[in-house]
Amino acid sequence: MMQSSVFAEMQRKFRSSRSPYRDLAWSLLLWGVALILFTRGLDQLPLRDWDEGTVAQVAREIWQHPDTWLHPTLHGQPYLNKPPLLHNLIALSYHWFGSADAGSARLPGAILTATSVPLLYYLGRELWPHRAPALWASIVYLTWLPVVRHGRLAMLDGAILCFCLLWMLCLLRTRRNLRYALGVGLALSLVGLTKGLMLALLFGAISLGFLLWDTPRLLTHPGFGLGMTLGAVPLGAWYLAQWTYYGQDFLIEHLLNQSAHRVWQAVERNSGPPWYYLIEFLKYGFPAFIFVPAALKRVWQDQNLSWARLILVWSGGYFGAISLMGTKLPWYSLPIYPPLALGVGVILADIWQQLQQQGHPSRDPRPCYPKLWRWGFVVMALVAWGGAAILAASLMESGFLDHEMTHLTVTLLAAAMTLTMTASLIAQRNPMMPMVLFWGWLISLLLFVTSSDWVWELNEDYPVQPVATMIREETQGEPIYTSHPYDRPSLNFYANRPIISASPHELYQHWHGNQRICLLLDYDSFEQLGLDGGAIVGRTEDWLLLCHEEPGTMASPTRSQGWAFPPS
């Protein structure tokens, strides 16, 4: 009788852990917190260069010319770099808000990244009968800095996180319901329509490796292949439409130059050693990276189980592929964070279970933490306290007038207090450590994303908005060339026209041509070129805007500062 009642209690707990209503409640809570974190203050900072400026401009041209939704353009020229799924979503955001700005450009990607958090939770529920590992994995993933930062930008990678998690969730559910094979194919289409065929093939190879190891019977079932094929129809239709419209130019530019070439060569000089992504992870993956070695050890020990096999194939396959690629960019590593979060979730769930067992007469409720964790958090806390002290000293010198530095100081203080309390709880073997750490880290991240420092790349060059305003107000559509050493897509977006980078010699030749042009020059270049026959129509702190008075009336340049050009 005693054994029967114990078995009945175990069944009751298992059914309770599988309750769809509880899972729905947890997923909605996670989604709500993620939406707050990922969408807060999106419009407070301008778009940054490269992906953000380019994606936002392509979306604006779709918004202004809806007939280009299938064949988008960039400043009037065919845009063949990436498929336009996210660009179209951003164009809808522009239409909804009635303007093309940073907030409306970043919002669709931020919402999709926030949606990836409950998707990871449901993925964990497919892997484990208990809720705790899935819940902790979602919390770790939600509070990982690279996910938060890049998920808030107007880039493709936050959407990729959402679609690849949808892919893996459908793949796991296909093991018990073949109808989800259609979902796998649709997720494949979403990945391919966001970032291209090469990434879809990589995720397909990872999925194939997992199924070969875990559930090979699915690969021989005709329903699985049929569902995936039907789901992949939108991706195939888009590629067929592009090839029909552009012909060989599409194959060369999109598939070869912008996709395949990235595998074996460094596109636009974005290269790095094979350990590039390991360094990136150590730089920005704190504080959760301290748990990753223990998680990988646990995964390796349990590789006979499905959850461990998925993490090994997903993280190992994807990390190996991007490490061997010739082109390396920080955001390429984002899809490795979900499987790592799943592994860390198992470790934290074990610690949390110790808290649930407090009062049990036969078990020690205090977990035994690795020494690496204690000293790792001590070092991180010291770094945070040191940064806060340096900023506080600077604030005192300035009379507390710098509000942004004050905000960053408060953020560092919150992080330092969180890390210090975590190190103390580890020393005390207190099972409340995960709860304190991630609540405090979430608060620190909320403070961080409301500051002007979460897009720190904006501090690497001059602010574009004042210059773009000057260009819009003082020019009437003539070509503009600049002495800046490279093009800035963010400037092009805010000026709503391309500003072309040129060498001093090219600037000289353009100025003495027969076409009316304008030059955007820094003060040193203006002095060195000594151009006549034009007027300074605008200036900012660092830049001058020169336009021809009348075409063909320019005099020879002054040979000032030892700078001279041949009349070639």
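Since this is a predicted model, take the numbers as computed values, not measurements.

Criteria and thresholds
- Residues numbered from 1 in each chain as written.
- Predicted model: local features only at pLDDT ≥ 70, side-chain atom pairs only at ≥ 80, totals over all residues.
- Heavy atoms only, no water.
- Helix = DSSP H or I, 4+ residues; strand = E, 2+ residues; numbered from the N terminus.
- Rg over C-alpha atoms; globule rule 2.2 N^0.38 Å.
- Buried < 20%, exposed > 50% of the residue type's maximum accessible area, 1.4 Å probe, protein only.
- Contact = heavy atoms within 4.5 Å.
- Areas by Shrake-Rupley, 256 points an atom, 1.4 Å probe, with all protein chains shown as cover.
- Lys, Arg positive; Asp, Glu negative; His and termini not counted.
- Charge placed at Lys NZ, Arg CZ, Asp CG, Glu CD.
- Axes fitted to C-alpha atoms, helices over the stretch in contact; angles between N-to-C directions.
- Nonpolar A, V, L, I, M, F, W, Y, C, P; charged D, E, K, R; others polar.
- Disulfide = S-S within 2.5 Å.
- pLDDT = per-residue confidence, 0-100.

1. Examining the overall build of the protein
Check the secondary structure of the protein and you find 24 helices and seven strands. The C-alpha atoms of the protein give a radius of gyration of 27 Å, which matches the 24 Å a tight globule of 568 residues would have. With respect to the principal axes defined by its C-alpha atoms, the protein has extents near 105 × 65 × 45 Å. Among the 568 residues that make up the protein, the fraction classed as buried is 51%. For the protein, the share of sequence-separated contacts (at least 6 apart) that also reach a separation of at least 24 residues comes to 74%. Entry remark: accessible area of the protein is about 26200 Å², with carbon and sulfur atoms responsible for 63%. One finds the centroid of the 38 positive side-chain charges in the protein at a distance of 20 Å from the centroid of its 39 negative side-chain charges.

2. Considerations on the packing of helix 2 (residues 20-39) against helix 20 (residues 433-449)
For the pair helix 2 and helix 20, interaxial distance at closest approach is 8 Å and the crossing angle is 35°. Contacts between helix 2 and helix 20 involve Val33, Ile36 and Leu37 on the former and, on the latter, Leu442, Leu445, Leu446 and Val449. Of the residues in the contact of helix 2 with helix 20, the class split is seven nonpolar, no polar and no charged.

3. Concerning the state of the cysteines
Inspection of the entire model under this criterion finds one disulfide. A sulfur-sulfur distance of 2.0 Å marks the disulfide that ties Cys518 to Cys547. Because the sign of the S-S torsion sets the handedness, a value of about 105° for the bond joining Cys518 and Cys547 places this disulfide among the right-handed ones. Taken together, the residues span a long stretch of sequence, with Cys518 in strand 5 (residues 518-522) and Cys547 in strand 7 (residues 543-548) at a distance of 29 residues. Counting only cysteine sulfurs, Cys164 is the nearest neighbor of Cys162, a cysteine outside any disulfide, at a range of 8.5 Å. The class of Cys162 is buried, set by a relative accessible area of 5%. Free cysteine Cys170: the closest other cysteine sulfur is in Cys162, separated by 11 Å. Relative accessible area serves as the criterion here: at 8%, Cys170 is assigned to the buried category.

4. Looking at the confidence of the model for the protein
Chain-level statistics for the protein give a pLDDT mean of 87 and a share of 91% at 70 or above. In this model, residues 1-16 is a region of pLDDT below 50 whose contacts with residues beyond four sequence positions or in other chains number three contacts. Between residues 551-568, whose pLDDT stays under 50, and residues either more than four places distant or in other chains, the model counts 41 contacts.

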